Amino acid sequence: GLKCSSSRARRVLKTAPPIPHSSVHPRTMQFRLIIASLAVAASSALSVSNKGADTTSKLDINQKVYIENAPVLGDGAGEGALNVCSSFAASHVSNPDAPAVKVCGTGIKLTAFLRGRCEGYYEHHKEIGSCNTGEDSSTCVTWSPADDARFGEYQSYLIEQC
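Let me sum up the structure you'll find in this document. It should be emphasised that the depicted structure is a prediction, and the values quoted were computed from it without experimental measurement.

As a further point, take the pattern of salt bridges. Inspection of the entire model under this criterion finds four salt bridges. Arg117 is the salt-bridge partner of Glu119, the closest N and O atoms lying 3.4 Å from each other. By relative accessible area, which is 31% here, Glu119 ends up partly exposed. A salt bridge links Arg150 to Asp148; the shortest N-O distance between them is 2.9 Å. Given a relative accessible area of 46%, Arg150 falls into the partly exposed group. Given the relative accessible area of 23%, Asp148 is considered partly exposed.

Bringing the nonpolar core into the picture now. If you look at the biggest cluster of nonpolar residues, it comprises 17 residues, and the most contacted ones within it are Leu73, Phe88, Val101, Leu110 and Ile159. If you tally residues by element for this core, the top one is strand β5 (residues 108-113), at three residues. When neighbours within four sequence positions are excluded, Phe88 is seen to be in contact with Ile67, Val93, Pro99, Val101, Ala112, Phe151, Tyr154, Gln155, Ser156 and Tyr157.

Scoring rules and cut-offs
Residues numbered from 1 in each chain as written. Predicted model: local features only at pLDDT ≥ 70, side-chain atom pairs only at ≥ 80, totals over all residues. Heavy atoms only, no water. Salt bridge = Lys/Arg side-chain N within 4 Å of Asp/Glu carboxyl O. Buried < 20%, exposed > 50% of the residue type's maximum accessible area, 1.4 Å probe, protein only. Core = buried A, V, L, I, M, F, W, Y, C linked by side-chain atoms within 4.5 Å. Helix = DSSP H or I, 4+ residues; strand = E, 2+ residues; numbered from the N terminus. Contact = heavy atoms within 4.5 Å.

The analysis is restricted to geometry; functional conclusions fall outside its scope.
Written out as structure tokens, the structure reads:
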């Protein structure tokens, strides 16, 4: 045991409140430690896997998207539409023969959605573009309600790099 040499020290030891025992079970603490370790490991792995991916790479001059012959990406329109959910113009949605979409280049694709907000709905979405880098870089793919009448009802689109 502990020996006290003074009466003051004996009084302090006798009046000090007991050290509370943790109400957390040791197994719960071990579980929390494992979860925290896994979270750190997953975060580290994600950080390492993203280091090689350049998410801000510029598009070359061949990457272009047109809707009803108007450029929405590239060809003077800039790259602001890349990775942004956009709605087809009301005039395109109300016209059953529109929109006519043309995607040029082998590094981008446009996904059109029946629903707004770029949400999939069963099989009602359409990827347009050629992601085959073996093809000529000036390759263009077109799609319109002439190819599938249901496309005239589509409301939103997302342009992404392949």
